[in-house]
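# Examining the three-dimensional arrangement
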Amino acid sequence: YRDDDDINDVASMAGVNLNEESARIMATNSDLVGTQTQSCKDEPFLAAIPLHKRILEMAKKLGITDVPAEVVTFISHATQNRLRTVIEKVTVITQHRMESYKDDEWYEQATDVRSQLKFFEQLERLEKQRKDEQEREILLKAAKSRSRQEDPEQARLKQKAKEMQQQELAQMRQRDANLTALAAIGPRKKRKLDSPGLLTVGGEGLGMSAGSQAGLGTPSSRQYARQKITRVNLRDFIFYMEQERETSHSLLLYRALLK
């Protein structure tokens, strides 16, 4: 019956050598042979003792007297997961807010609110300056008037004109003193930290001139990329809470809008 066994051997009919395949599998996973895999230590995100005490205080109001440690661990991990989700979403919102489309060829600037605000501020400044000039002329006229019978309003205007002249004189003296001090100090010298050939090593600055660089034959100092910092403000959190269904009508959002 040997011929029947050969016919029923499917691996031999397909041309597969089981010994070779077993040797190849062992060679491929040779680095895994003898290794031991174990799970990581379950470390809670929040402090277990204060969290357990807080949970017990809340559970006693509902008639629960015993809270196992597994519940504390589960709430701690849920808090960590929730906090991670909030930070990720708020970070995306902040990055979208910080994006600039000035250099993008697919966007065209339609309005410039900053320029409009500067224009209105300039108008307000000019209007205030015009009113100050008018008030100054009125005070000077009141100070120059020599009427014998002066009413209390005229006396008040003269006193105010006198105070204005004293204030202008004090400002002129302060300006002259500042200019004299700047002239005595002289031009500001460039600090060593601002020199282009400075190399910072371990928090200490080591100056290196162009000649010494050429003599050593070393390339220019390596330019390290500045780490981009994402700063989240209260407006980003308010926008996040407005978009979330759980916090869109919450008391926390109302308190944040009042700040």
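My aim in this report is to walk through the structure given alongside it, one point at a time. Predicted model, so just to flag it, every value in this text is computed and none were measured.

## Let's talk about the packing of helix H9 (residues 234-243) against helix H10 (residues 251-258)
Contact pair H9 / H10: the axes reach a minimum separation of 10 Å and the direction vectors enclose 145°. Where H9 crosses over H10, the handedness of that crossing is left-handed. Contacts between H9 and H10 pair Leu-234, Ile-238, Met-241 and Glu-242 from the former with Leu-252, Leu-253, Ala-256 and Leu-257 from the latter. Taken together, the residues that form the contact of H9 with H10 break down as seven nonpolar, no polar and one charged.

## Quick notes on the side chain of Thr-247
Inspection of the secondary structure puts Thr-247 in the loop between H9 and H10. Residue class for Thr-247 comes out buried when judged on its relative accessible area of 15%. Excluding residues within four positions of it along the chain, Thr-247 makes contact with Tyr-240, Met-241 and Leu-253.

## Quick word on the packing of helix H6 (residues 113-144) against helix H7 (residues 152-185)
Packing of H6 against H7 leaves a shortest axis separation of 8 Å and a crossing angle of 115°. It follows from the interaxial angle that H6 and H7 lie roughly perpendicular. Note that H6 runs across H7; the crossing there is left-handed. Mapping the contact onto sequence places Glu-135, Arg-136, Leu-139, Leu-140, Ala-142 and Ala-143 in H6 and Gln-154, Leu-157, Lys-158, Lys-160, Ala-161, Met-164, Gln-165 and Glu-168 in H7. Split by residue class, the contact of H6 with H7 holds seven nonpolar, two polar and five charged.

Calculation rules
- Residues numbered from 1 in each chain as written.
- Predicted model: local features only at pLDDT ≥ 70, side-chain atom pairs only at ≥ 80, totals over all residues.
- Heavy atoms only, no water.
- Axes fitted to C-alpha atoms, helices over the stretch in contact; angles between N-to-C directions.
- Helix = DSSP H or I, 4+ residues; strand = E, 2+ residues; numbered from the N terminus.
- Left-handed = near helix turned anticlockwise from the far one by under 90°.
- Contact = heavy atoms within 4.5 Å.
- Nonpolar A, V, L, I, M, F, W, Y, C, P; charged D, E, K, R; others polar.
- Buried < 20%, exposed > 50% of the residue type's maximum accessible area, 1.4 Å probe, protein only.
- Parallel < 35°, antiparallel > 145°, perpendicular 65-115°, else oblique.

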